[in-house]
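Summary of the model geometry
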Amino acid sequence: MDLELTGKVAIVTGASRGIGKAVARELALEGADVAAVARGREALEATAAEIAGESGRRVLALTADTSDDASVQAMVQAAHEAFGRIDILVNNAASPGSALPPAPLDELTDDHVRADIEVKVLGYLRTARAVAPIMREQGWGRIVNISGLGARRSGNTSGSIRNVGVAALTKNLADELGPHGINVTVVHPGGTRTERTAEMIAARVEAGATEEEVERRLAEGNSIRHLVDAPEVAYVVAFLASPKSISINGDAIAAGGGSGTAIHY
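Here is a short report on the structure shown in this document. Keep in mind the model is a prediction, meaning the values are calculated, not measured. Counting from 1, residues in each chain are numbered in the order their sequence is written. Local features in this predicted model are restricted to residues whose pLDDT is 70 or higher, and side-chain atom pairs enter the listing and the counts only when it is 80 or higher, whereas totals over whole chains, interfaces and linings include all residues. Side-chain descriptors were evaluated using all non-hydrogen atoms of the structure, hydrogens and water having been removed beforehand.

Describing the packing of helix α1 (residues 18-29) against helix α2 (residues 41-55)
Two elements in contact, α1 and α2, have axes separated by 9 Å at closest approach and are oriented at 25°. Put simply, α1 runs roughly parallel to α2. Crossing angle aside, the handedness with which α1 passes α2 is right-handed. In this structure, α1 uses K21, A24, R25, A28 and L29 to contact α2, whose residues at the interface are T47, E50, I51, E54 and S55. Its residues assigned to classes, the contact of α1 with α2 comprises four nonpolar, two polar and four charged. Fitted lines through C-alpha atoms serve as axes, helices being fitted only where they are in contact, and the angles separating the N-to-C directions of these axes extend from 0 to 180 degrees. A run of H or I in DSSP counts as a helix once it spans at least four residues, and a run of E counts as a strand once it spans at least two, with each numbered from the N terminus. By definition in this entry, angles of less than 35 degrees are roughly parallel, angles greater than 145 are roughly antiparallel, angles of 65 to 115 are roughly perpendicular, and the rest are oblique. Crossing chirality is assigned from the near helix's rotation relative to the far helix, an anticlockwise turn below a right angle marking it left-handed and a clockwise turn marking it right-handed. Whether two residues are in contact is decided by their heavy atoms: any pair within 4.5 Å suffices. Amino acids are sorted into nonpolar (Ala, Val, Leu, Ile, Met, Phe, Trp, Tyr, Cys and Pro), charged (Asp, Glu, Lys and Arg) and polar (every other residue, Gly among them).

Encoded structure:
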């Protein structure tokens, strides 16, 4: 299937590693030019060079802190000036605290929750607000928000609040921007293999389990019994970022391999 992404321009935040890097790579392989965005310069520039070399597309490394509106505005302006248009925004940046174990109520501080919301909810709002006028003027755009299956289950109070907030933001943006040709969707990854997975497996092997046992236990978290990897999430995002996704707006797509037994409709 031709996703009709050749010549499109995408901004991908949190793009130096993990799902963000996989998304930037997949969009470039499908023919898009990409502004890869993250806070750290060194890893970001290495990622941009790697993807550009593999895809033959232009990949621009732009540093930005999505918790700061001025930084976001400057990043979007730089991307627009460099490419002349912005067709796609993939929001993926999250605070380091998002990866920490869930805190019980007596340890859950206001600052912990604020940090989660500041980057992953307000940060997504800031980037969407910055690109929306450009997309409106073009009459077309796609915004894909990377959230998480914490939106559909309990066990991590701050994580659930953050991810439900992203889903709510998505639907509101979709309703407002849809008439202007801009579709907005949210993707909920579950447990996903990224660069950090090998370290996690090694730590559990040292604790007494074999590598095969750790892999099997991780895969048992979904119904396909396969640990979804970052490129497999990126395939879903690339479709949602394309003109082919015209019929999907404001909705959530789970990319966790079938997690849990609840029915979502």
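More follows now that the structure is in view.
Overview of the pairing of strand β2 (residues 33-38)
Only protein chains enter the accessibility calculation, which uses a 1.4 Å probe. A residue is then buried if its area is under 20% of the maximum for its type, exposed if over 50%, and partly exposed in between. In terms of burial, β2 is largely enclosed, as six of its six residues are buried. Burial along β2 is two-sided: D33, A35 and V37 facing one way and V34, A36 and A38 facing the other are all buried. Any two strands between which DSSP finds at least two bridges are classified as paired. Bridge count between strand β1 (residues 9-13) and β2: five bridges; the pairing is parallel. For V9, the partnering residue across the bridge sits in β2 and is D33. A crossover links β1 with its parallel partner β2, the connecting element being α1, and its sense is right-handed. One ladder, built from five bridges, connects β2 with strand β3 (residues 59-63); its direction is parallel. What sits directly across from A38, in β3, is T63. With the strands pointing away from the viewer, any crossover whose connection runs clockwise from the first strand over the helix to the second is right-handed.

Observations regarding the sheet that holds strand β6 (residues 182-189)
Reading across the sheet, the seven strands line up as β3-β2-β1-β4-β5-β6-β7 and stay open at both edges, with parallel pairing between neighbours. On the outer flanks of this sheet lie β3 and β7 (252-255), each paired with one strand and no other. Each strand axis lies, on average, 20° off the axis of its neighbour in the sheet, ignoring direction.

Notes on the pattern of salt bridges
Two side chains carrying opposite charge are able to pair once their charged atoms lie near each other. Each salt bridge in this description consists of a side-chain nitrogen of Lys or Arg and a carboxyl oxygen of Asp or Glu lying within 4 Å of one another. Per the stated rule, a full pass over the model turns up 15 salt bridges. A salt bridge links D110 to R114, with the nearest nitrogen and oxygen atoms 4.0 Å apart. Pair noted here: D110 and R114 are both in helix α4 (residues 110-120), with a separation of four residues, about one helical turn. Classification of R114 as exposed rests on a relative accessible area of 52%. Salt-bridge contacts for K171 lead to D175; the nearest nitrogen and oxygen are separated by 3.0 Å. Taken together, the residues K171 and D175, both in helix α6 (residues 157-177) and four residues apart, mark about one turn of the helix. Overlapping salt bridges bring together D110, D111 and R114 as one network.

Section: the environment of L5
Its place among the elements puts L5 in the segment before β1. Separated by 157 residues in sequence, L5 and R162 have C-alpha atoms that sit 30 Å apart. If sequence neighbours within four positions are ignored, L5 has contacts with L27, E30, G31, A32, I88, A238, A241, S242 and P243.

A closer look at the side chain of R126
For R126, the position within the fold is in helix α5 (residues 122-138). Within the structure, R126 has its side chain in polar contact with the side chain of E118 (distance 2.2 Å). Excluding its chain neighbours within four sequence positions, the residues that come into contact with R126 are T66, S67, D68, D69, V72 and E118. Distance and chemistry together define a polar contact, namely a pair of N or O atoms within 3.5 Å, with one atom able to donate a hydrogen and the other to accept it when in protein, and with adjacent residues in sequence counting only for side-chain atoms on both sides.

Brief notes about the environment of I224
Structurally, I224 can be placed in the loop between α8 (211-219) and α9 (230-240). Along the backbone, I224 and G256 are 32 residues apart, and their C-alpha atoms lie at a distance of 9.3 Å.

Considerations on α1
Taking 1.5 Å of rise per residue, 12 residues should cover 16 Å, and α1 covers 17 Å from first to last C-alpha, within 8% of that figure. Of all 12 residues making up α1, 10 are buried, and the element is well covered by its neighbours. For α1, the secondary structure elements touched by its buried residues are β1, β2, α2, β4 (88-91), β6 and α9. Positive backbone phi, at 110°, marks G31, one or two positions downstream of α1. By this rule, a helix spans an expected 1.5 Å times one less than how many residues it contains.

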